[in-house]
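Structural overview for review
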Amino acid sequence: MYRSIRGSKVLCFLLAILELRGISGVSTAFGGAARRRSVTYTTAIEQTLHNQNFDRPTNSKVNRRNSETSGSAPFLVSSGRRRQFRTASRRKNTEPWSCIVNTSLQPVVREDIDRATPVPKSPQPGPVEPIVTDTEKGAIAYKRGRDRFLYGDFDAAISDLNDSIRHNPTSVDAYIARGDAWKEKGNLEASLTDYSKSLQLDPQHEQALIRRATVRQQKRDFAGAIEDFSSAIHLNSKAATSYYLRGITRYSQRHYDAAITDFSEAVRLDPTHAKAYAYRGDAWHEKGNFPESLADYSKALEIDPKYVKAYTRRGETRRQSGDIEAAIRDLTEAIHLNPKYVSAYYYRAGAWKAKQDFEAAIQDYTVVIRLNSKHAKAHLFRGVIQFELGRFDAALNDLNEAIRLDPHNAMALNTRGCIALVKGNHDDALKDLNEAIRFDPKYARAYNNRAAVWDQRGDNDAALQDLTKTLRLDPKFSMAYLSRGKIEFQRENFAAAIDDFSHVIRLEPNQIAARLIRGLAKSKTGDFGGAIVDFHDVIGLDSQNTEAHSHLAAVYAACPDDGIRDGKRAVEFATKACELSNWKDPSAIAVLASAYAENGAWENAVKRQTEAIQMLTDGTEKQTGNARLELYKQQKPYRDPIHTSKAVPPDR
């Protein structure tokens, strides 16, 4: 009996090995019994692997329990066969199944399998789901949200981070990440709320403080931003970035000294911080310290030779400091590094304009507009240049667009008003200039230009009022002094006129018109010596100035002061004036007539005076000319009258 059992075991073992190695046809060759043994062996393998205990005792209860947990259809071994196993095990002094299971995956012998009774299969338990906590769910949602944020899908990121916060309401990182997403979407309020919530959970979180500060800065809550940056610096005094960002905030408040202090600390902590050098250069620029500004921009470029903004800022600073060629080089390099950088073209256009290369300036402004059609200032300044070049229609197109983009742009309204003034459209001019003054009550040039409208309309009082307002706003506006002086001269307020012209000359020593009219005003008040000096100065500045030669000749010919009159010099300067005007200026010819009269050359005096009268068209001027002609016919010279000038108004 023992041998038969043993033989069956060996046969099943060999068959199982062949089956496992995939040798085809073995089961068929050994008949149905072999197939059944093979199936039983596979069931035993699965059962053994599932139990993971090869020395478990095998009795009816254990066998049933093992069969119930097996992956194949379970079977019972007959009671007679169990007695045989127990006898064999006693002989070997082993547990009943040890002779089978303790070998390497030996098969279970069931020669009487046909008599075995199947046991109903028990329900199979499904795979055990791992238990995931809310904290773990929150972490998974957070990671997914951060990944979506990095890919630019901010809405999906916010949705994931909402889930993360729902599962883990104390997650500081989730609030910060959601705040970042809201910020990228432009919702600064939601961003600020999330950063503040993260700081409620962790008041010492440096990055949350910095992030909230940047949002506050964008919302122009500069005090709150500085408070947050200062708290971050208190937590980490060696972080150059916090000083740099606080410096930018202080710069935005125009607290340039405090900003410079912060930028200086940033570069001390991080000597390679190119942006801190550049922004410190901006602060020096705003303080008017161009050498320090240029030094910082150069240092930034030494650290980062491709820093486009640093080239642009240094170029604009050089333009403002008068180094136009160097400015153009810097701005051109910025454009080379970034051909689409609008600011570089914009500032280079200003440099071309300063160089009087108006066509190049127009070309750069055109590029700015092509890159950014809504750049109101590019339209404005291109329009201003077109106006200065006399291209009024092109100027109007640009100015209209500038005003459409920025309806409150006082400079655009002022310039458009000037075009209307030049064209004689006084109503349109007044409308634009009034609007410019309404939007900018301190815009001195708008008052000056409105005064010109009043002057052309003959309203001298309104013109003087606007010019006085102009000079109160801008005491160095020389052209306003010149305009007011001319009106005062016309009103025969010569002292006031002389005072205004003297202001012009102090501001612009080479101003010819102011010296010329001041000389006339002095001669009217009897200051003939002062008049002669002014006329000679004009000739020194412009040797071909017809009026200066003519007025100087008039003083030498008709001055009431015998010590100043000089007929010979009068003829000399009067003849030069006539030659400069090609003998087409009746006033110059009339002065030559008075010079001849001073010399007693009455025939020449009558001849030239007659020529002058024939060239006159104004009735009043002809009447005055005829009166002088009668003097010369009577062999009497002409003498200039001395006017009594009014005092300078006290409110000027």
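Just above sits the structure.
Residues numbered from 1 in each chain as written. Predicted model: local features only at pLDDT ≥ 70, side-chain atom pairs only at ≥ 80, totals over all residues. Heavy atoms only, no water.

1. Quick notes on the overall build of the protein
- Assigned secondary structure in the protein consists of 35 helices and zero strands.
- Counting the 652 residues in the protein, one finds 47% classified as buried.
- Put simply, 50% of the contacts in the protein that link residues at least 6 apart link residues at least 24 apart.
- Only carbon and sulfur atoms are counted for the fraction: they give 49% of the accessible area of the protein, which is about 34000 Å². (Helix = DSSP H or I, 4+ residues; strand = E, 2+ residues; numbered from the N terminus. Buried < 20%, exposed > 50% of the residue type's maximum accessible area, 1.4 Å probe, protein only. Contact = heavy atoms within 4.5 Å. Areas by Shrake-Rupley, 256 points an atom, 1.4 Å probe, with all protein chains shown as cover.)

2. Some thoughts on the pattern of salt bridges
- The tally for this structure, following the rule as stated, stands at 42 salt bridges.
- The salt bridge partner of arginine 639 is glutamate 598, with a shortest N-O separation of 3.0 Å. Of the two residues, arginine 639 sits in the segment after helix 35 (619-633) while glutamate 598 sits in helix 33 (residues 586-598), which places them 41 residues apart along the sequence.
- Taking the relative accessible area as the measure of exposure, arginine 639 reaches 30% and is therefore partly exposed.
- Through salt bridges with shared partners, a single ionic network connects Arg212, Arg216, Asp221 and Asp228. (Salt bridge = Lys/Arg side-chain N within 4 Å of Asp/Glu carboxyl O.)

3. Details of the packing of helix 20 (residues 358-371) against helix 21 (residues 376-388)
- It is at 9 Å that the axes of helix 20 and helix 21 come closest, and there the two elements cross at 155 degrees. When the axis of helix 20 is compared with that of helix 21, the two are roughly antiparallel. Helix 21 is crossed by helix 20, and the crossing has left-handed handedness. Contact residues: helix 20 offers Phe358, Ala361, Ile362, Tyr365, Thr366, Val368 and Ile369, while helix 21 offers Ala378, His379, Phe381, Arg382, Ile385, Gln386 and Glu388.
- When its residues are assigned to classes, the contact of helix 20 with helix 21 shows nine nonpolar, three polar and two charged. (Axes fitted to C-alpha atoms, helices over the stretch in contact; angles between N-to-C directions. Parallel < 35°, antiparallel > 145°, perpendicular 65-115°, else oblique. Left-handed = near helix turned anticlockwise from the far one by under 90°. Nonpolar A, V, L, I, M, F, W, Y, C, P; charged D, E, K, R; others polar.)

4. Side note on the packing of aromatic side chains
- What the rule picks out here adds up to 13 aromatic pairs.
- Ring geometry for tyrosine 346 versus phenylalanine 381: centroids 6.3 Å apart, planes at 50 degrees, classification tilted. One end of the pair, tyrosine 346, is in helix 19 (residues 342-354); the other, phenylalanine 381, is in helix 21, and 35 residues separate them in sequence.
- The class of tyrosine 346 is buried, set by a relative accessible area of 16%.
- Here a set of aromatic residues connected by ring pairs shows up, and it is made of Tyr244, Tyr251, Tyr256, Phe263 and Tyr279.
- Directly above the ring of tyrosine 279 sits arginine 313, whose terminal nitrogen or CZ lies 4.8 Å from the centroid. (Phe/Tyr/Trp six-rings, centres within 6.5 Å; stacked < 30°, edge-to-face > 60°. Lys NZ or Arg CZ within 6 Å of the ring centre and 35° of its normal.)

5. A word on unusual backbone geometry
- We note that arginine 220 has phi near 65 degrees; this positive angle belongs to a residue other than glycine.
- The phi dihedral of glutamate 492 falls on the positive side, at around 60 degrees, and the residue is not glycine.
- The exposure class of glutamate 492 is partly exposed, given its relative accessible area of 44%.

6. Some thoughts on the side chain of threonine 214
- Along the chain, threonine 214 turns up in helix 11 (residues 206-218).
- Looking at threonine 214, the relative accessible area reads 14%, which means it is buried.
- Here the side chain of threonine 214 touches lysine 183 through a polar contact of 3.2 Å, side chain to side chain.
- Each residue touching threonine 214, except ones within four places of it in the same chain, is listed here: Lys183, Phe229 and Leu245. (Polar contact = N/O pair within 3.5 Å; in protein donor to acceptor, adjacent residues only side chain to side chain.)

7. Re the environment of alanine 361
- Tracing the backbone through its elements, the reader meets alanine 361 in helix 20.
- The spacing of alanine 361 and alanine 349 is 12 residues in sequence and 4.2 Å in space, taken between C-alpha atoms.
- Setting aside residues up to four positions removed in sequence, alanine 361 forms contacts with Ala349, Trp352, Lys353 and Ile385.

8. Considerations on helix 25 (residues 444-456)
- With 13 residues, helix 25 extends 19 Å from end C-alpha to end C-alpha; this agrees with the ideal 18 Å at 1.5 Å per step.
- Taken as a whole, helix 25 has its buried residues at Ala444, Ala446, Tyr447, Asn448, Asn449, Arg450, Ala451 and Val453.
- Residues of helix 25 that are buried make contact with helix 23 (410-422), helix 24 (426-439), helix 26 (460-473) and helix 27 (478-490).
- Glycine 458, located one to two residues past helix 25, shows a positive phi value of around 85 degrees. (Expected span 1.5 Å × (residues − 1).)

9. Some points on the environment of phenylalanine 263
- Tracing the chain through its elements places phenylalanine 263 in helix 14 (residues 256-269).
- Look at phenylalanine 263 and you get buried, because its relative accessible area is 0%.
- In this structure, the C-alpha to C-alpha distance between phenylalanine 263 and alanine 278, residues 15 residues apart in sequence, is 9.2 Å.
- Apart from the residues within four sequence positions on either side, phenylalanine 263 is in contact with Tyr244, Gly247, Ile248, Ala276, Tyr279 and Arg280.

10. What about helix 26?
- Here helix 26 spans 20 Å end to end across 14 residues, near enough to the 20 Å set by a 1.5 Å rise per residue.
- Within the sequence span of helix 26, burial applies to Asn460, Ala462, Ala463, Leu464, Asp466, Leu467, Thr468, Thr470 and Leu471.
- Close packing links the buried residues of helix 26 with helix 25 and helix 27.

The values reported here are purely geometric and, on their own, carry no functional implication.
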